[in-house]
Amino acid sequence: MAKVIAVLNPKGGSGKTTLTLNIARSLQIRGYRVLIMDSDPQGTAREWRQRGDGAMDQPTLVAVDRPVLDKEVPGLRHAFDIILIDGAAKLEQMGVSALKVADLVLLPVRPSGPDIWAAASLVELIQTRQEITDGRPAAAWIITQQKRGTRLAGDVEQTLSEFNLPVLPHRVSDRVSFVETMTQGTTVMESNDPKAKLEIKNITDEILNIFGEQP
C-alpha cells in the first residue's frame, strides 16, 4: 500500500512543485513506483511533464481539479509505493482533501517571516487533524530556496520552532539548476549539479526514515 506525501503551502512561490517533482524522481530512481497528483490549478507539474516529453523516464502524473483526493487516493494505493500530492497554492477544500489521505505533510517554506506566517493557518489545520486522528498525518517543515551564509538562513529554525512542528535537517538551496531543469521538464537528478543532487538525496533519505524504510 502506497504511502502518501502531501506537499502543501498556501503561499505561492514556496518551491513546493519543484520539491515534489525532484523527490518523486529521486524515489523513482531508487526503484519505487511513484505517482504525482497535481492538484494545483496553476498546473505547473503538468506543464513540466509536457516540456520533458521523452527527455527522461518521468514518474506517472495525473491531474486532480476537484477536492476529491480523499475519494480517489484510496483506490490508487495498491498500484504505487509512494503517492506525492502537489498541493494547491491556496488553503481551500483541496488542501483539506489532501490532509485526509496524507501519511506525511511536507511544508516547504522560504526563510522569511512573511512566508512562514502565511503557513500559520495550515499548521493549525494540520494540528487540529492530528488531535482527532491519533497524530496523523506526520508533518514537518522543509526550508527551501535558502541563500547560504545569510542571517535569514541561520535564524529561520528559531522562528519555525514557535509552530511546534519539526524541521527536516536538510534544506534546499537557491540554485540555478532547479530552475533550469524545471524548464526542461527534467530534475536535478539529471543535471550536472552534484550539490543539488545531494540535497534531494538527503531529503529523500529523511522521508524514507520517517516511513521506517531503509534509504
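Preceding block: the structure.
What you are looking at is a predicted structure, and each value in this text was computed from that prediction instead of being measured.

A. Focus on helix H4 (residues 93-101). For H4, the complete set of buried residues consists of Met94, Gly95, Ser97, Ala98, Leu99 and Val101. Buried-residue contacts for H4 involve strand E1 (3-7), helix H3 (69-72), strand E4 (82-86), strand E5 (104-109) and helix H6 (120-132).

B. Broad picture of the sheet that holds strand E3 (residues 60-63). Here we have 6 strands laid out as an open sheet, ordered E3-E2-E4-E1-E5-E6, and parallel in their pairing. The open sheet has two edge strands with one neighbour each: E3 and strand E6 (138-143). Across this sheet, the average inter-strand angle for adjacent strands is 20 degrees, counted without regard to direction. Pairing analysis gives 5 bridges linking strand E2 (residues 34-38) to E4, with the strands arranged parallel. Bridge pairing links Met37 to Ile85 in E4. The strands that helix H1 (residues 16-29) touches are E1, E2, E4, E5 and E6; relative to E4, the one it contacts most, it runs at about 165 degrees.

C. Structural context of the environment of His78. Within the fold, His78 resides in the loop between H3 and E4. Here His78 falls in the exposed class, since its relative accessible area comes to 57%. Put simply, His78 and Val96 are 18 residues apart on the chain and 23 Å apart in space, counted from C-alpha to C-alpha. Setting aside its immediate chain neighbours within four residues, His78 contacts Met1 and Arg33. From its side chain, His78 meets the backbone oxygen of Gly75 in a polar contact 3.1 Å long.

Each value, and the rule that gives it
Residues numbered from 1 in each chain as written. Predicted model: local features only at pLDDT ≥ 70, side-chain atom pairs only at ≥ 80, totals over all residues. Heavy atoms only, no water. Buried < 20%, exposed > 50% of the residue type's maximum accessible area, 1.4 Å probe, protein only. Helix = DSSP H or I, 4+ residues; strand = E, 2+ residues; numbered from the N terminus. Contact = heavy atoms within 4.5 Å. Pairing = 2+ DSSP bridges. Axes fitted to C-alpha atoms, helices over the stretch in contact; angles between N-to-C directions. Polar contact = N/O pair within 3.5 Å; in protein donor to acceptor, adjacent residues only side chain to side chain.

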